[in-house]
Amino acid sequence: MSVLAPRRSTLPGFGLTMGLTLTWLSLVVLIPLAGLFVRSTELSLEQFWGIVTSRRTLSALKISFGLSFAAALVNLVMGTIVVWALVRYRFPGRRLFDAIVDVPFALPTAVAGVALTALFAQKGWLGAPLAELGIKVAFTPLGIFIAMIFIGIPFVVRTVQPVLIDLDPEIEEAAASLGASRWHIITKVILPSLMPALLTGFALAFARAVGEYGSVIFIAGNLPNVSEIAPLLIVIRLSEFRYADATAIAVVMLVVAFVIIFAVNRLQRWAQAQAPST
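Here is what the cut-offs are and how they apply
Residues numbered from 1 in each chain as written. Predicted model: local features only at pLDDT ≥ 70, side-chain atom pairs only at ≥ 80, totals over all residues. Heavy atoms only, no water. Phe/Tyr/Trp six-rings, centres within 6.5 Å; stacked < 30°, edge-to-face > 60°. Helix = DSSP H or I, 4+ residues; strand = E, 2+ residues; numbered from the N terminus. Core = buried A, V, L, I, M, F, W, Y, C linked by side-chain atoms within 4.5 Å. Buried < 20%, exposed > 50% of the residue type's maximum accessible area, 1.4 Å probe, protein only. Contact = heavy atoms within 4.5 Å. Salt bridge = Lys/Arg side-chain N within 4 Å of Asp/Glu carboxyl O. Axes fitted to C-alpha atoms, helices over the stretch in contact; angles between N-to-C directions. Parallel < 35°, antiparallel > 145°, perpendicular 65-115°, else oblique. Left-handed = near helix turned anticlockwise from the far one by under 90°. Nonpolar A, V, L, I, M, F, W, Y, C, P; charged D, E, K, R; others polar. Polar contact = N/O pair within 3.5 Å; in protein donor to acceptor, adjacent residues only side chain to side chain.

Novice: Can you walk me through the packing of aromatic side chains in this structure?
Specialist: The geometry of an aromatic ring pair comes down to the distance between the two centres and the angle between the two planes. Counted according to the given criterion, the structure contains 7 aromatic pairs. A centroid spacing of 6.3 Å and a plane angle of 40° characterise the contact between Phe-65 and Phe-206, whose relative ring orientation is tilted. Here the residue Phe-65 occupies a position in helix H3 (residues 55–88), and Phe-206 occupies one in helix H10 (residues 182–211), the gap between them amounting to 141 residues. Judged by centre distance (6.2 Å) and plane angle (20°), the rings of Phe-258 and Phe-262 are stacked.

What follows is the structure, given as C-alpha cells:
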C-alpha cells in the first residue's frame, strides 16, 4: 500500500506570509476603517441622519459620485479608443503617446489642478475660446468633471492594454473569414474578451475620481451647493473641529463607494464567465 506524500505549498512559509499579510492589511486598511465607524457612533441616529441628509452634504455627495460616475464612463469609452490605437496601429510618436498616458500617475495632484485651472480659465488657452462660445469651465462643475477625466483615464488604458495585447488578431480574422461583419466581430468577439478588464478599469477610474482632492479643489470653485465636492466638505468639517460630522460624511462615502465597486466586481465576474475562451 502506497503512502501519499503530504502536498507541499508552492509558497514556502505560507502560514507566516499569510499572517504578515493579514497583519499589514489590518494596520493599513481595516483598523482605520473600523475607527471611522466607531467615531461616527458618537452621534445619535437622528444626528447622523440630519448631517448626511442636509442640503450641503447631499449636494456635495451628488457632485462627487455623479461626476465621478460620468467621468468614469467617458474614460471607459475614450480609454478604449486610446488603447486600441496604441496596440493595434503603428504610427510616428506612438511610444511618446504611450508614455504621456502615465503623466497623471506621476504628476502631483496639486500641480495638475493648477495646470488645468490655468488652461481652462477664462483667459487660458482653452478657456478663452470656450468662453467666447458661452462655455465656462474653470470654477464650475464642468471643471470638476474634466479634472476627474484627466486623473482617471490612465487606469482604463493600463488595465485594458495588456489584455488587448494578448488578444490574438487571428481570432478576428477567423471570424471575418466565416462571414462575420465588423460590428459582429466587435460585439461578439472583441468586447466579451475585453469586458472584465474594461469593468476593472471603470471601477478603478471611478474610485480614484470619488476620492480625488488635490487636482479638483483648484478648478472647482468650491461653492457650497454648487461646486463643492464631498472630500472638501470633510476637510472643512475637520477644520471646524466637527470630527463626528466629518466621519459621518466619510462613512456615507465609504458605504456608497463600496456598494458600487462591489456591484462592478460582480459584473466583472459575470463577464469573465461569459467571455469566450481563447
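Novice: Can you help me understand the nonpolar core in this one?
Specialist: As a rule of thumb, soluble globular proteins bury nonpolar side chains together. Of all hydrophobic cores here, the largest spans 46 residues; its most connected members are Phe-65, Val-160, Leu-164 and Met-253. Elements with a minimum of two residues in this core: helix H2 (45–52), H3, helix H8 (141–166), H10, helix H12 (230–239) and helix H13 (243–274). Counting residues per element, this core draws most heavily on H10, at 12 residues. Dropping the residues within four chain positions of it, Leu-164 is found in contact with Val-83, Trp-84, Val-87, Arg-88 and Leu-194. Of all hydrophobic cores here, the second largest spans 19 residues; its members include Phe-120, Ala-138, Ile-144 and Ala-147.

Novice: What should I look at first to understand the pattern of salt bridges in this one?
Specialist: Side-chain pairs of opposite charge can arise where the charged atoms are in close proximity. Within this structure, the stated rule accounts for 8 salt bridges. Arg-158 serves as the salt-bridge partner of Asp-98, at 3.0 Å between the closest nitrogen and oxygen. Of this pair, Asp-98 sits in helix H4 (residues 94–100) while Arg-158 is found in helix H8, placing the two residues 60 residues apart along the sequence. In this structure Arg-158 comes out as partly exposed when scored by relative accessible area, which is 22%. Overlapping salt bridges bring together Arg-237, Glu-240, Arg-242 and Asp-245 as one network.

Novice: Help me understand unusual backbone geometry, please; the structure alone is not making it clear to me.
Specialist: Unlike most non-glycine residues, Phe-139 shows phi in positive territory, near 65°. The residue Phe-139 is located in the loop between helix H7 (127–132) and H8 in this model. Backbone geometry at Asn-222 places phi at a positive 60°, although glycine is not the residue there. In this fold, Asn-222 is placed in the loop between helix H11 (214–220) and H12.

Novice: Teacher, can you tell me more about the environment of Phe-69 here?
Specialist: Looking at the secondary structure, you find Phe-69 in helix H3. Spatially, the C-alpha atom of Phe-69 lies 25 Å from that of Ala-273, the residues being 204 residues apart in sequence. With sequence-adjacent residues up to four places away left out, Phe-69 is seen in contact with Phe-202 and Phe-206.

Novice: Would you take a moment to explain the packing of H3 against H8 for this structure?
Specialist: Two numbers describe a pair of packed helices, the interaxial angle and the distance between the axes. Two elements in contact, H3 and H8, have axes whose closest approach is 6 Å; the angle formed by their N-to-C orientations is 40°. Comparing the axis directions of H3 and H8 gives the class oblique. Note that H3 runs across H8; the crossing there is right-handed. Broken down by class, the residue content of the contact of H3 with H8 amounts to 23 nonpolar, 7 polar and 1 charged.

Novice: Got a minute to help me understand the side chain of Thr-159 in this structure?
Specialist: Mapped onto the elements, Thr-159 comes out in helix H8. Of the polar contacts made by the side chain of Thr-159, one reaches the backbone oxygen of Phe-155; its length is 2.5 Å. With sequence-adjacent residues up to four places away left out, Thr-159 is seen in contact with Ala-197, Thr-200, Gly-201 and Leu-204.

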